[in-house]
Amino acid sequence: MTVTAPPPATSAPPGRNGARRLADRVGRARELVILVVLLVMIAVTQAGNPAFLSEQGIKDLLLNATILVLVAVGQALVVITRNVDLSVGSTLGISAFAAGSYLQGGGSPLPAVLLATAVGVAFGLLNGLLVGLGRVPALVVTLGTLYIVRGIDSLWVGSRQITAAQLPDSFTAFGSGGILAVPYLALLAAAVLIAVAGYLRHYRGGRECYAIGSHPEAARLAGIPVRTRVLAVYTACGALAGLAGALYLARFGNVDSSTGSGYELTVVSAVVVGGVAFTGGAGSVYGAALGALLLTTVNSVLPALGVSSVWVLAINGVLLLLAIAADRIVARRLGAGLKRRNVRHG
């Protein structure tokens, strides 16, 4: 009887593995650079203003970053799959007002947070259905839902305004409280960040998001459920925007029809500055969080140094352009490296 030996296990092409390892190294280096810039910025500000890193100063830095970090994590999930969600600001605003209306009517804090998250899930699901299942371009869909949600918000809210005096004390206390210099909101954002990062790194669905962003058609041919994954990341992005809306209300104790207006541009800037490639398939939620922390720190650093806040938008624009230029340079070098490896192993 003839025994046939099993065929050797196939492995990924050496060039592709090498390019992936190079991309990972570049991503980690990018995040390290952002961290160094952030620390240098804080150190320079502390030298010029010794009160900057007081206990309250640290708490304010973290509180200012928390909301943006949460929404940036959700946006990073979407961008990794080579899509974008421009409706996150509107979703945050309407979710915050939904939570505020519930609390104003005598509701409890936890159901209010769940309500805001559910509102975000509903709009995220709508985006996911249109982009993932309907295959409508993400830019068109989310620009449309941005205006739809903003219109609904304006009709519902009108000229009304919810203030801290109309909210439960326990809710606003949670928004401003913390353990020493670490706010409760920052701890919650850190837990979400670690959970999402763990999913992307260690679970099949998370790795498939990167595959979709790298080459959607190749991912589909490889058997990856592209539509389902895109639907899932949009739903998660909406949920985090809704959660951020509830935390925004707890943090500031104030919401009206303009809440969240223009926020989507800041979120996209944080994600791109943090090293998540706008063309998809590269980056991490840790980088997006660092980008958010960098942008919000710039907002705090300039006034502390006596510089006009007018420069904030200009600096954010410069950081965004530098990040996009870095992405293009890295993409070209990765492509050239992959070609050389393919020729060498061909």
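Given the structure is predicted, the values throughout are model-derived calculations rather than measurements.

Participant: How should the packing of aromatic side chains be read in this particular structure?
Facilitator: For any pair of aromatic rings, geometry is given as the distance between the ring centres together with the angle between the planes. Enumeration according to the criterion identifies 4 aromatic pairs in this entry. Here phenylalanine 97 and tryptophan 156 contribute two aromatic rings whose centre-to-centre distance is 5.0 Å and whose plane-to-plane angle is 85 degrees, an arrangement assigned as edge-to-face. Here the residue phenylalanine 97 occupies a position in helix α3 (residues 88-104), and tryptophan 156 occupies one in helix α5 (residues 138-157), the gap between them amounting to 59 residues. Residue phenylalanine 97 is classed as buried on the basis of its relative accessible area, which comes to 1%. Tryptophan 156 gets classed as partly exposed once you look at its relative accessible area, which sits at 37%.

Participant: In this structure, what is going on with the confidence of the model for the chain? I would like to understand it.
Facilitator: For residues with low pLDDT, the predicted coordinates do not support detailed interpretation. Mean pLDDT for the chain: 83, with 82% of residues reaching 70 or above. Under a pLDDT of 50 for its full length, residues 1-19 has, in the predicted model, 10 contacts with residues more than four places off or in other chains.

Participant: Teacher, can you tell me more about the packing of helix α4 (residues 109-133) against α5 here?
Facilitator: Look at α4 against α5: their axes get within 9 Å of each other, and the N-to-C directions meet at 150 degrees. In terms of their interaxial angle, α4 and α5 are classed as roughly antiparallel. Handedness of the α4/α5 crossing: right-handed. The residues of α5 that touch α4, namely those facing Phe123, Leu126, Asn127, Leu130 and Val131, are Ala138, Val141, Thr142, Thr145 and Val149. For the contact of α4 with α5, the class distribution of residues is 7 nonpolar, 3 polar and no charged.

Each value, and the rule that gives it
Residues numbered from 1 in each chain as written. Predicted model: local features only at pLDDT ≥ 70, side-chain atom pairs only at ≥ 80, totals over all residues. Heavy atoms only, no water. Phe/Tyr/Trp six-rings, centres within 6.5 Å; stacked < 30°, edge-to-face > 60°. Helix = DSSP H or I, 4+ residues; strand = E, 2+ residues; numbered from the N terminus. Buried < 20%, exposed > 50% of the residue type's maximum accessible area, 1.4 Å probe, protein only. pLDDT = per-residue confidence, 0-100. Contact = heavy atoms within 4.5 Å. Axes fitted to C-alpha atoms, helices over the stretch in contact; angles between N-to-C directions. Parallel < 35°, antiparallel > 145°, perpendicular 65-115°, else oblique. Left-handed = near helix turned anticlockwise from the far one by under 90°. Nonpolar A, V, L, I, M, F, W, Y, C, P; charged D, E, K, R; others polar.

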